[in-house]
Amino acid sequence: YTFLNKTKKSYTLQKNNHHNIIVTMRATNSQWIKELASIYKSAFEKHHIFEKKEHEIVSYLKKTRKKSDLIIFLDQGVVLGGVVVIREEKDQKRKFSRWRLLHFACRNSVSPTNRLFFLQKVEQKLKKRGRKGKIQYEMAETEQEYISLFELAGFQKEATLSDYFRPGETGFIYSKII
């Protein structure tokens, strides 16, 4: 992968097979948000937000992007996945930040290699924002594919939480210092 173009709102990357992958910050295209809502509805079957009707999910994502970054992964105009990034705290001297990732998901057709690539691009973007920081992602024990992905990307299990998402279900917080 090589870095091709950078603007304030998007990053264009090129893969070896010559497909352009765009990682868009503060996504503004309504069609992209609708496509992402469909991906989230499929990926998070047991989620109080994503069990709702598509227009309600779209509304949630539009509200979310006003106070946080909604990052959408695109390939030739097709939404492949996305993630929400929330900056939770920073120290008074602006030397350390903590970011929470929410709803990291991709289409089923996206390979594990590309999922890892997207996660690494999000991490690189966050590294540029602050001097030091911590990225956190919460997931359920049933999300083994994403647990493996985040471990492969260097995240470590920070906490185990009983009944975190739903009664009887264990949740984990994975984090990485950048």
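As the structure is a computational prediction, the values presented were derived from the model and not from experiment. Within any chain, residue numbers begin from 1 and follow the written order of that chain's sequence. It should be noted that, the model being predicted, local features are given only for residues of pLDDT at least 70 and side-chain atom pairs only at 80 or more, the latter also being counted only at that level, while totals for whole chains, interfaces and linings use all residues. By convention in this description, side-chain values take in all heavy atoms of the structure and omit both hydrogens and water.

A short note on unusual backbone geometry
- Residues other than glycine seldom take positive phi values, yet His 103 does so here, at roughly 55°.
- Residue position: His 103 is located in strand β6 (residues 96-106).
- Classification of His 103 as buried rests on a relative accessible area of 9%. What counts as a helix is a DSSP run of H or I of at least four residues, what counts as a strand is a run of E of at least two, and both are numbered from the N terminus. Relative accessibility decides the category of a residue: with a 1.4 Å probe and only protein chains considered, values under 20% of the type maximum give buried, values over 50% give exposed, and everything between is partly exposed.

With respect to the pairing of strand β9 (residues 171-177)
- A large share of β9 lies buried, amounting to 6 of its 7 residues.
- Strands are labelled as partners when DSSP assigns at least two bridges between them. Of the strand pairs in this sheet, strand β8 (residues 156-161) and β9 are connected by 5 bridges, and their pairing is antiparallel. Within the sheet, the bridge partner assigned to Leu 161 lies in β9 and is Gly 171.

Details of the pattern of salt bridges
- For salt bridges, the criterion is a side-chain nitrogen of Lys or Arg within 4 Å of an Asp or Glu carboxyl oxygen. All chains considered together, the criterion is met by 7 salt bridges.
- Arg 107 is the salt-bridge partner of Glu 35, the closest N and O atoms lying 3.3 Å from each other. Pair noted here: Glu 35 is in helix α1 (residues 30-43) and Arg 107 is in the loop between β6 and α3 (112-129), with a separation of 72 residues, a long-range link.
- Accessibility expressed as a relative area gives 29% for Arg 107, which makes it partly exposed.
- Where salt bridges share partners, they join Glu 123, Lys 127 and Lys 176 into one cluster.

Considerations on the side chain of Glu 169
- With respect to the element layout, Glu 169 can be found in the loop between β8 and β9.
- The exposure class assigned to Glu 169 is buried, which follows from its relative accessible area of 9%.
- Among all residues touching Glu 169, those that are not within four sequence positions of it are Ala 140, Glu 141, Thr 142, Leu 161, Ser 162, Asp 163 and Tyr 164. Note on contacts: a residue pair qualifies if any of its non-hydrogen atoms lie within 4.5 Å across the two residues.

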